[in-house]
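Architecture at a glance
The chain contents come next:
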Amino acid sequence: MKRWTTRQALSGNLTSPAGFNDEFRNQQSSITTLDRTQLPTASVDESNLKDYAIHRIWYDKDFPTGGEQTVDKDTSVSVNMWQSSTAQVHAGGWTSIGTVPLTGFSGGSLFLEWTFNAYVQNIFAKGANDGRPGSPAYMRARILVNGVVIVERRGTSYHEHMRVTGSQQFPPGDLSVDFQFRLTELSQDGAVNVSGLLNTNLMQAHLWNSRYLAFGRWR
Amino acid sequence: MSRITRPRIIDGQTVDATDLNSRFTDYSQPAALNAFNVRDAAVDLGHLKRTSFQLQQMDQTIIGNNDWKHSTFNTVSGQTGTPAAPHIVSDGGGTPTPLSLGSGWALNADNILRVYWDLSVKPYYTGSRPWANVGALSNYIFPHGSGSGTHDIATGVTCWPFWLQWDITDATLTNWVNVTGQSDFNNGVSTYFGNQLSQCESTSVVNAFLETAGGPVNGAINTRLAVDVGWTSVSGAWHYKEGLGTTTVYGLRVVFTGVCHSLNNAGVNWLVRDDPVSPSARLDYNGGSLSAMVVRIK
């Protein structure tokens, strides 16, 4: 381990050019006169560092609102359904449930984790016109950073918990993270309403208890 | 920890031995350096302390009745009424299997608790199509393929919700409460009991049973096919950041109830117990794991 100075000058001694230059480098090596070669191993913890100096965590425990996607909220559903995505209100394609800024990202690796419960209606997965063994529907999920997909999953079917994680290197600068889902398209055999006394729109999917955690480590 | 301030050496000045030695003394004091004295970029991986700094705590345990071959497992039934105390994930002898955190982990505004768990489960039911019972939420009605009459069929929403409890009182692990943001599915709404979805921050679900239409045509149903869920798994993830105070966590455990179904009331989405169905619902569960860590947030 190096010490902060390599040559200790003694009173009355002559200062050689090399000795002076070594000290001079140490003096100008940083604002505070120390550079990385002079710090002892395993000497730094949070007490030495400013907040967010080497890493930062962003998170939301109920993203985007109460943990539920709110892009689709069909109110014309029966009482035993959630006000959520139906064939009547869902636009199709990749659907963003929300975008969050990661302000203060200083460059380096970014780990992202998105978890949620997903329900996908699969009653009509084995339609006569779908072919066998059928075509179950899934809730696909992906995470984009600054418009670029960093992770995508086929997702879950029926009603289950799901976790999507991804990691990527990014240059310094504020990042924008977009969380998106995509529902499998309905087949021609899929119902869009329930009948009987209810005769209302049929819940096709919902995403709830959604949360994310982003972990940035610099350089 | 003090901030070391000495005038920098400027052009034209001489560097004498006394000055150099004084600086050496300053910086060689034990614990003399702090953020004022060290540039962030001056820190490399080798300089970082390797214990209790970024990853401050980590622990894990096996939960449930662990048996890879599923030759032994625990069986529980669905619950009805209120208050319904949740099932506690336990070993083969019925003893709960929490994650004990010893003398406790202190959580404050500077760190975040991350919890991850999984459990091997097999949901099924007894009797005949309990989702068709009178008053059940767990079925929809669709037209019959013949053009007259209707068929009921399971919605596929019906599920077993699992969630986390913690002991934030002491290390005796006898004071379990639901984690922050999580309720116990005993809140009344209409004639049901459950949680608003916004009260389910640590909840993970697994299907209770499945039924699909056999060869449906244009939204009409001719036959119904019950599909076994079989042995599958349920997993969960939960994050918690303390506010301005401090919370000490002594233990974590996984609990569950069931079976539950979607409901909307006055524009609010709920997950409520489906009492006409629950008595026929069964859940076999095996083993899994529960792990937790505390990570510095900044």
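Please refer to the structure placed before this passage.
Structure report, in brief. (Residues numbered from 1 in each chain as written. Chains lettered and ligands numbered in written order. Predicted model: local features only at pLDDT ≥ 70, side-chain atom pairs only at ≥ 80, totals over all residues.)

Secondary structure summary: chain A contains one helix and nine strands in total. Counting from the amino terminus, chain A carries its helices and strands in the arrangement α-β-β-β-β-β-β-β-β-β. Taking all 219 residues of chain A together, the buried fraction comes to 41%. Within chain A, contacts between residues at least 6 apart in sequence are counted, and of these 71% link residues at least 24 apart. (Helix = DSSP H or I, 4+ residues; strand = E, 2+ residues; numbered from the N terminus. Buried ≥ 20, exposed ≤ 12 C-beta atoms within 10 Å, placed from the backbone. Contact = placed C-beta atoms within 7 Å.)

Our next topic: the interface of chain B and chain A. With 71 residues of chain B in contact, the opposing surface of chain A contributes 75 residues. At the level of elements, helix 1 (17-27), strand 6 (139-143), strand 7 (150-154), strand 12 (204-207), strand 13 (210-214), strand 15 (232-241), strand 17 (260-265) and strand 19 (281-296) of chain B are the ones that each hand at least two residues to the side of chain B that touches chain A. The element best represented in the side of chain B that touches chain A is strand 15 of chain B, accounting for six residues. Among the residues making up the side of chain B that touches chain A, the classes are represented as 36 nonpolar, 26 polar and nine charged. (Nonpolar A, V, L, I, M, F, W, Y, C, P; charged D, E, K, R; others polar.)

This next bit is on the environment of A53(A). Residues and elements named next belong to chain A. Relative to the assigned elements, A53 resides in the loop between helix 1 (17-28) and strand 1 (55-60). Judged by the 19 C-beta atoms lying within 10 Å of it, A53 falls in the partly exposed class. A53 sits 52 residues away from F105 along the chain, and the two C-alpha atoms are 10 Å apart.

Residues and elements named next belong to chain A. The strand order across the open sheet formed by four strands is 3-8-5-6, and the pairing between neighbours is antiparallel. The strands lining the two open edges of the sheet, one partner per strand, are strand 3 (95-102) and strand 6 (148-156). When the angles between neighbouring strand axes are averaged without regard to direction, this sheet yields 15 degrees. Summarising the sheet, strand 5 (residues 139-145) and strand 8 (residues 175-183) pair through seven bridges and their orientation is antiparallel. Bridge assignment links L144 to a residue of strand 8, and that residue is D178. (Pairing = 2+ DSSP bridges. Axes fitted to C-alpha atoms, helices over the stretch in contact; angles between N-to-C directions.)

We now examine the nonpolar core. In terms of nonpolar packing, the biggest core is built from 105 residues, with M139(A), A214(A) and W160(B) touching the most fellow members. Element by element, the count of residues in this core is highest for strand 9 (residues 203-218) of chain A, at eight residues. The contacts of M139(A), once residues within four sequence positions are left out, are A118(A), V120(A), G155(A), T156(A), F181(A), L183(A), A205(A) and L207(A). (Core = buried A, V, L, I, M, F, W, Y, C linked by C-beta atoms within 7 Å.)

Two faces belong to every sheet, and in a regular strand the side chains alternate between them. All names here are of chain A. Within strand 4 (residues 108-120), 10 of the 13 residues are buried, which leaves the element mostly enclosed by the surrounding structure. Across 12 bridges, strand 4 lies against strand 7 (residues 159-170) in antiparallel orientation. Its bridge partner lying in strand 7, E113 is registered against T165. With 12 bridges joining them, strand 4 and strand 9 adopt antiparallel strand pairing. Bridge pairing in strand 9 links L112 to A214.

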